[in-house]
Amino acid sequence: MQAAIHIDSVHKHFGTVHALKGMSLTVEKGEFFGLLGPNGAGKSTLINIIAGLTRMDSGSVSVMGHDVVSHYRQSRQHLGVVPQELVYDPFFSVREILQIQAGYYGKGKNASAWIDALLEGLKLTDKADANMRALSGGMKRRVLIAQALVHKPDVVILDEPTAGVDVELRDSLWEFVKELHRDGHTIVLTTHYLEEAESLCQRIAIINHGRLIALDTKDALLARGVGKTSTVSVTLAEALLKIPEELASRIKCVDGERIEFILNRDTDTIISLIDGLRAVGAEILDLRTEDADLEDVFKEITGQ
Amino acid sequence: MNWEGMYTLFYKELKRFGKVALQTVMAPVVTALLYLLVFSHVMEEHVKVYENVSYTAFLIPGLMMMSIIQNAFANSSSSLIQSKVTGNIIFVLLAPLSYLEFYLAFLFASVVRGLVVGTGIFIVAMLFVSLPLHSALWLIMFALVSSAVLGTLGIIAGIWAEKFDHMAGFQNFIIMPLSFLSGVFYSIYSLPDFWQSVSRFNPFFYMIDGFRYGFFGVSDVAPLFSLLVVLSFWLLLAVFTLIILKKGYKLRD
């Protein structure tokens, strides 16, 4: 089956910085794909190369089978990008911006109905004739999504779309994106909110220092984390004056009477933790264990 | 060719300056008229450049051309630097537009703005003094090619500049001196020999001299020669611009 995005041995330097070091990965058609990595990992550079905003030094990238350099017109027709920054042209209204964007792709003449549908879907209908400057941050974010979709691309890249967005808007945005995915769009998501990637993405790539360091299904990645560590949260009757020496290295955080421990499943047991606390006279009121989440996996893999 | 894409970018650039017409059209017209009022009042009785042509009449084509080229430059340069600084240039760069389409869209919009401002000055100036019209063809050719030159220079400046300060430098240290020292207010024959020779290296001089020929049928240099100089200059700049656009210089890092 043809891949939605195929990236092969991509290198990119910025001066002396080697931003991408032979990146290769494939996003299948119809996937909800997560691209994770700490700041400076190379996520934005990779997205910019896919979108044609940055030139790679070597390697190749294709979108729906079209090379992004030699067949950039076709590859860009298939790609919609929601940029991370809230950028907009202050001269125009929401509808004008969408009409112009559709025109760039040669689809301006018959775009009115689709633009109306996008405005409706993103709850922007009553702001259609408002100037971009008059919109709130959340509304501007929704316009960016509409701009990315106005030429009906097959593949949509969302670069941290919920950064700085309130919870209510975040939920409605995800509902919209899930609907796009159900309609057959391939979605590539980068986010700092790992719980978002965990709840939405089918496969996740983790990149760091310009290299792909993990690429697997969400379940397989989570299974990696579960195998090594677990978090244990203990609530005591009174805050401890002194933490036992043998437990100090396992502490994740202390909040008064509540202490979180990270235990290595190979070497630590919950019994030894309880014994250690009782040895210093602590009275345990509550104890909870948590499975590893994507954040744990991410931290473990990236060493953050 | 992505004709609709190119036309859309051109149309967007027209709408952009149309939405602030007070600043982009009316203001340059008023500025040119102020120059006309002041200089014609002070110099009318003292300076005679061509036989049977009053100084005020001599001044109008120069002011028209100066405004045409300054506004053609301002259109492409200000649009690009604003788009770069605010980041919305990304929407053009993401689109399936070639570097040639990008260039032509910005170029045509600059030419239109230059011509709109030039026409505005002409219409208002005609209220004060009647101008002869020797050849509309020469007028139109020089207006088109000259605004194309400055529209292209504006694209170069817009791509090169990283902040408004850079743009102000380009405008104030290159465009303004070249346009003011190009014979808008005088004939180069009124200058000492040395400065006459220097003026001949200023391509803006040929734009204004040729444009003036369209009105009066007299010029400091043969109009065909001036047109060839301006066309060659445009060709040179256009090739340079297309090369940097193709390379993605400062746009696609």
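Fair warning: this is a prediction, and the values are worked out from it, not measured in the lab. (Residues numbered from 1 in each chain as written. Chains lettered and ligands numbered in written order. Predicted model: local features only at pLDDT ≥ 70, side-chain atom pairs only at ≥ 80, totals over all residues.)

Chemist: What is the right way to read the domain arrangement of chain A from this model?
Modeler: Often, the extent of an interface is quoted as the loss of accessible area on bringing the components together. Domain annotation for chain A reports domain 1 (3-223) and domain 2 (227-302). Domain 1 of chain A and domain 2 of chain A are separated by 39 Å when their C-alpha centres are compared. (Domains from an automatic or database assignment.)

Chemist: Sorry if this is basic, but what is going on with the interface of chain B and chain A here?
Modeler: Listed by partner, the interface residues are 22 residues for chain B and 24 residues for chain A. Elements supplying a minimum of two residues to the side of chain B that touches chain A: helix H1 (3-18) and helix H4 (90-93) of chain B. A per-element tally of the side of chain B that touches chain A places H1(B) first, with 6 residues. Its residues placed into classes, the side of chain B that touches chain A shows 9 nonpolar, 7 polar and 6 charged. (Contact = placed C-beta atoms within 7 Å. Helix = DSSP H or I, 4+ residues; strand = E, 2+ residues; numbered from the N terminus. Nonpolar A, V, L, I, M, F, W, Y, C, P; charged D, E, K, R; others polar.)

Chemist: Explanation requested: the sheet that holds strand S14 (residues 284-290) of chain A in the structure shown.
Modeler: Whether parallel or antiparallel, the strands of a sheet pair through hydrogen bonds between backbone atoms. Residues and elements named next belong to chain A. Taken in spatial order, the 4 strands of this open sheet run S12-S13-S11-S14, and their pairing is antiparallel. At either margin of the open sheet sits one strand with a lone partner, and together these are strand S12 (251-255) and S14. Ignoring strand direction, the axes of neighbouring strands in this sheet form an average angle of 15 degrees. Two strands pair when backbone bridges link them, and S12 and strand S13 (residues 258-264) are joined in this way by 4 bridges, in the antiparallel orientation. Looking across to S13, one finds that Asp 255 is bridged to Arg 258. Of the strands in this sheet, strand S11 (229-236), S13 and S14 are in contact with helix H10 (residues 270-279), which crosses S11 at around 30 degrees. (Pairing = 2+ DSSP bridges. Axes fitted to C-alpha atoms, helices over the stretch in contact; angles between N-to-C directions.)

Chemist: Is there a simple way to explain the nonpolar core in this structure?
Modeler: Residues A:Ile50, A:Ala146, A:Ile157, A:Val188, B:Leu63, B:Ile69 and B:Met207 are the most contacted members of the largest nonpolar core, which totals 139 residues. Element by element, the count of residues in this core is highest for helix H3 (residues 55-86) of chain B, at 15 residues. Those residues in contact with A:Val188, other than ones at most four positions away along the chain, are A:Ile5, A:Val27, A:Phe33, A:Leu35, A:Val155 and A:Ile157. Grouped together as the second largest cluster of nonpolar side chains are 8 residues, A:Leu247, A:Ile259, A:Leu263 and A:Leu273 included. (Core = buried A, V, L, I, M, F, W, Y, C linked by C-beta atoms within 7 Å. Buried ≥ 20, exposed ≤ 12 C-beta atoms within 10 Å, placed from the backbone.)

Chemist: What exactly am I supposed to notice about the pairing of S11(A) here?
Modeler: The side chains of a regular strand alternate, residue by residue, between the two faces of the sheet. Residue and element names in this part refer to chain A. Here S11 runs beside S13; their pairing, made up of 7 bridges, is antiparallel. Bridging from a neighbouring strand, Val 232 pairs with Phe 261 of S13. As paired elements, S11 and S14 share 6 bridges and run antiparallel to each other. Bridging across to S14, Leu 236 finds its partner in Ile 284.

Chemist: Where do I start with helix H10 (residues 223-247) of chain B in this structure?
Modeler: Residues lying three or four places apart along an α-helix face the same way, a consequence of the helix completing one turn every 3.6 residues. Residues and elements named next belong to chain B. The end-to-end C-alpha distance of H10, which contains 25 residues, comes to 36 Å, matching closely the 36 Å that a straight helix rising 1.5 Å per residue would cover. Of the positions making up H10, those classed as buried are Pro 223, Ser 226, Val 230, Phe 233, Trp 234, Thr 241 and Leu 245. Buried positions along H10 lie against helix H5 (99-125), helix H6 (136-160) and helix H9 (203-216). Following H10 by one or two positions, Gly 248 has its phi on the positive side, about 80 degrees. (Expected span 1.5 Å × (residues − 1).)

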